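Here is how the chains run, residue by residue.
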Amino acid sequence: MPEYEFVDVYVPRGVSRKEATRLLTDHAEYGHWELDRLSLHRDGSRRVRLRRRIIRQLRPTW
């Protein structure tokens, strides 16, 4: 089963949808993150959880 690491990103309500999209796209392109969960709150703020797979290197057995 793959292991993931998570990061939570808070986007305040004053941030436009276009700016939020650009922010999340930058995380995805440069940090190799993918969207795990998005919560839209009543006040217009968003809480986004991003994840990326942890790749463990196996040590050689000599």
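Below you will find a few notes about this structure. Computed from a predicted structure; not experimentally measured.

### Remarks on the side chain of arginine 46
Here is step 1 of the chain: Tracing the chain through its elements places arginine 46 in strand S3 (residues 46-53).
Here is step 2 of the chain: One buried charge, arginine 46, has no salt-bridge partner; the nearest side chain with opposite charge is glutamate 19, at 8.3 Å.
Here is step 3 of the chain: Apart from the residues within four sequence positions on either side, arginine 46 is in contact with Val9, Tyr10, Val11, Val15, Arg17, Ala20, Ser39, Leu40 and His41.

### As for the pattern of salt bridges
Here is step 1 of the chain: Summed over the entire model, instances satisfying the criterion amount to five salt bridges.
Here is step 2 of the chain: Two residues, arginine 49 and aspartate 8, come together in a salt bridge whose shortest N-O distance is 3.1 Å. Within this pair, whereas arginine 49 is found in strand S3, its partner aspartate 8 is found in strand S1 (residues 4-11), the two being separated by 41 residues in sequence.
Here is step 3 of the chain: Its relative accessible area of 31% is what places arginine 49 among the partly exposed residues.
Here is step 4 of the chain: A residue is classified by how much of its surface remains accessible, and aspartate 8, at 46% relative accessible area, is partly exposed.

### Some details on the nonpolar core
Here is step 1 of the chain: Judged by nonpolar contacts, Val9, Val11, Ala20, Trp33, Val48 and Leu50 together constitute the single largest core of six residues.
Here is step 2 of the chain: Each residue touching leucine 50, except ones within four places of it in the same chain, is listed here: Glu5, Phe6, Val7, Val9, Leu24, His27, Trp33, Glu34, Leu35 and Asp36.

### Details of a nonpolar patch on the surface
Here is step 1 of the chain: Taken together, the side chains of Leu35, Leu38 and Leu40 define a hydrophobic patch exposed on the protein surface, amounting to about 320 Å² of accessible area.
Here is step 2 of the chain: Looking at the secondary structure, you find leucine 38 in strand S2 (residues 34-40).
Here is step 3 of the chain: Judged by its relative accessible area of 47%, leucine 38 falls in the partly exposed class.

Here is what the cut-offs are and how they apply
Throughout this description, residue numbers start from 1 for each chain and increase along the sequence as written. pLDDT decides what is reported in this predicted model: residues at 70 or higher carry local features, side-chain atom pairs at 80 or more are listed and counted, and totals for whole chains, interfaces and linings draw on all residues regardless. Only hydrogens and water are set aside; all other atoms, that is, all heavy atoms of the structure, feed into the side-chain values. Note on conventions: DSSP H or I runs of at least 4 residues are helices, E runs of at least 2 residues are strands, and numbering of each starts at the N terminus. We call a residue buried when its accessible area falls under 20% of the maximum for its residue type, exposed when it is over 50%, and partly exposed in between, using a 1.4 Å probe and counting protein chains only. His is not counted, nor are the chain ends; Lys and Arg add positive charge and Asp and Glu add negative charge. A side-chain nitrogen of Lys or Arg and a carboxyl oxygen of Asp or Glu constitute a salt bridge if their distance falls within 4 Å. Whether two residues touch is decided by their heavy atoms; if any such pair falls within 4.5 Å, the residues are in contact. Buried Ala, Val, Leu, Ile, Met, Phe, Trp, Tyr and Cys residues that are joined via side-chain atoms within 4.5 Å together make up what is termed a nonpolar core. Patch membership is restricted to residues that have no salt bridge and whose relative accessible area is over 30%. Joining uses 9 Å for like charges and 5 Å for the nonpolar side chains Val, Leu, Ile, Met, Phe, Trp and Tyr. The Shrake-Rupley method, run with a 1.4 Å probe sphere, supplies the accessible areas, and residue values consider only the shown protein chains as cover.

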